[in-house]
Amino acid sequence: MTGNDIDRRHRFAQDCARQAGAIARHYFRSGEALSSAEKGRHDPVTQADLEIDRFLIDQLAGAFPADGILTEETGGSPARHLWVIDPIDGTLNFARGIAHFAVSIAFCVDGQTESGVVYDPVSNEIFTARRGQGAFCNGRPIRVRAARGPSDAIVDAGYSLRHPAADYLGLIGNLLGQGYAFVQNGSAAMGLAAVACGRIDGFCELSLKSWDVLAGLLLVEEAGGWTSDFPHGPGLLENHKVLACTPSIRQSLQDLMLAATTPRGETLLSSR
Ligand code: LIP
């Protein structure tokens, strides 16, 4: 696959994200799809999730029939050329009328994310990154913020029932003990985009799927931040720890995440 092939996909993904965002915005503002089924406690799926999932699969399969597609709502399997999609990341927020959610689209080649798009349909901000070409918000270059240290940093510490609550409480206790301010905003993709543009300084969560984070991790990497590796191949279908932050607080956040989780001694994979 050539760079031009990936460039075409990167542009197409942005168009698709905007169209998918328009569907989400319609449901969100009408309140029609805020009724939802529950995949698990605090883990809803709405009609909008399913409609956007179908829309994106149809668009991408129509334009690039040989590519693989993996989505949160339909599943899929690893492939050399693979779309990894979360139709609405932050579904609990969306279902409850909280305007903090995004469409997240990543394109991967041979186990590396080459294109990432995170679109916030309420603020109409589209965050984009093409590997090696920087990160942008609505076409303007973005960079992580140079935090001086914990007392100068805000961290979005995501939470879900997929991980023992005791570990999350340990993580939060460690963050507060180190002097960080923390938020729990309910969308990994939006949290990672916020790190990439310097609105916050770190995002961490103890258990996430590839479709929540691959696009956002590329945003942070291309904006000069540090990111934990997310395993590709079979790892795309598993839950993994995620950390992304401005470099000045990376060691501090790595240490406190490790101290909060069991079994001890796990390492947060680092690509750099
Ligand atoms: C969400 C993530 C969030 C996590 C939630 C949920 P979804 O993804 O973005 O970080 O804390 O439990 O997994 O389910 O809204 O696509």
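Because the structure is predicted, anything quoted here is derived from the model rather than measured.

Conventions used here
- Residues numbered from 1 in each chain as written.
- Predicted model: local features only at pLDDT ≥ 70, side-chain atom pairs only at ≥ 80, totals over all residues.
- Heavy atoms only, no water.
- Axes fitted to C-alpha atoms, helices over the stretch in contact; angles between N-to-C directions.
- Helix = DSSP H or I, 4+ residues; strand = E, 2+ residues; numbered from the N terminus.
- Parallel < 35°, antiparallel > 145°, perpendicular 65-115°, else oblique.
- Contact = heavy atoms within 4.5 Å.
- Nonpolar A, V, L, I, M, F, W, Y, C, P; charged D, E, K, R; others polar.
- Disulfide = S-S within 2.5 Å.
- Buried < 20%, exposed > 50% of the residue type's maximum accessible area, 1.4 Å probe, protein only.
- Near = heavy atom within 4 Å.
- Polar contact = N/O pair within 3.5 Å; in protein donor to acceptor, adjacent residues only side chain to side chain.
- Areas by Shrake-Rupley, 256 points an atom, 1.4 Å probe, with all protein chains shown as cover.
- Pairing = 2+ DSSP bridges.
- Salt bridge = Lys/Arg side-chain N within 4 Å of Asp/Glu carboxyl O.

Draft legend 1. Structural view of the packing of helix α5 (residues 188-196) against helix α6 (residues 210-222). Two numbers describe how α5 lies on α6: the axes approach to 8 Å, and their chain directions differ by 0 degrees. Comparing the axis directions of α5 and α6 gives the class roughly parallel. Touching A188, A189, L192, A193, V195 and A196 of α5 are D212, V213, G216, L217, L219 and V220, all from α6. By residue class, the composition of the contact of α5 with α6 is ten nonpolar, one polar and one charged.

Draft legend 2. Region of interest: the state of the cysteines. A complete count under the given rule lists zero disulfides for this structure. Looking at C108, it has no disulfide partner, and the nearest cysteine sulfur is the one in C16, 16 Å off. We note that C137 lacks a disulfide partner, and the nearest cysteine sulfur, in C197, lies 6.1 Å from it. Since its relative accessible area comes to 3%, C137 is described here as buried.

Draft legend 3. Looking closely at the site of the ligand. Neighbouring the ligand are 16 residues; D86, D89, G90, T91 and E205 lie closest to it. One of the side-chain N or O atoms of E72 is found 2.9 Å from an oxygen atom in the ligand. Contacts to the ligand include Y159, whose backbone N or O atom sits 2.9 Å from an oxygen atom. Relative to its free-state accessible area of 380 Å², the ligand is covered by the protein chains to the extent of 91%.

Draft legend 4. Quick look at the sheet that holds strand β5 (residues 102-109). Here seven strands make up an open sheet; going across it, the order is β3-β4-β5-β6-β7-β8-β9 and the pairing mixed. On the outer flanks of this sheet lie β3 (68-71) and β9 (140-141), each paired with one strand and no other. The pairing of strand β4 (residues 81-89) with β5 spans seven bridges and is classified as antiparallel. Across the sheet, the residue bridging to L82 is C108, located in β5.

Draft legend 5. Representation of the environment of V122 within the structure. Among the structural elements, V122 can be located in the loop between β6 (112-120) and β7 (125-130). On the accessibility criterion, V122 (32% relative accessible area) is partly exposed. Residues V122 and G21 lie 101 residues apart in sequence; the distance between their C-alpha atoms is 8.3 Å. Discounting chain neighbours no more than four positions away, the residues touching V122 are F28, R29, A99 and F101.

Draft legend 6. Quick look at the sheet that holds strand β13 (residues 226-227). If you walk across this open sheet you meet the five strands as β11-β10-β12-β14-β13, and the pairing is mixed. With partners counted over all chains shown, the strands left at the sheet margins are β11 (181-183) and β13, one partner each. Pairing of strand β10 (residues 154-158) with β11, which is carried by three bridges, proceeds in the parallel orientation. Bridged to I154 within β11 is A181. Sheet strands touched by α5: β10, β12 (202-208) and β14 (240-245). Its angle to β12, the strand with the most contacts, is close to 155 degrees.

Draft legend 7. Looking closely at the pattern of salt bridges. According to the stated counting rule, one finds twelve salt bridges in the structure shown. The shortest N-O distance in the salt bridge between R130 and D7 comes to 2.7 Å. In this pair, R130 sits in strand β7 while D7 sits in helix α1 (residues 3-30), placing the two residues 123 residues apart along the sequence. Residue R130 is classed as buried on the basis of its relative accessible area of 8%. Given a relative accessible area of 22%, D7 falls into the partly exposed group. Residue D201 pairs with R145 through a salt bridge whose shortest N-O separation is 2.8 Å. Taken together, the residues span a long stretch of sequence, with D201 in the loop between α5 and β12 and R145 in the loop between β9 and β10 at a distance of 56 residues. Relative accessible area serves as the criterion here: at 3%, D201 is assigned to the buried category. Among the charged side chains, a network of salt bridges with common partners joins R145, R148, D152 and D201.

Draft legend 8. Region of interest: α5. For α5, the tally of buried residues reaches nine of nine residues, placing the bulk of the element in the interior. Buried within α5 are the following residues: A188, A189, M190, G191, L192, A193, A194, V195 and A196. Of the residues flanking the end of α5, it is G198, one or two places downstream, whose phi is positive at about 85 degrees.

Function cannot be inferred from these measures alone, as they are strictly geometric.
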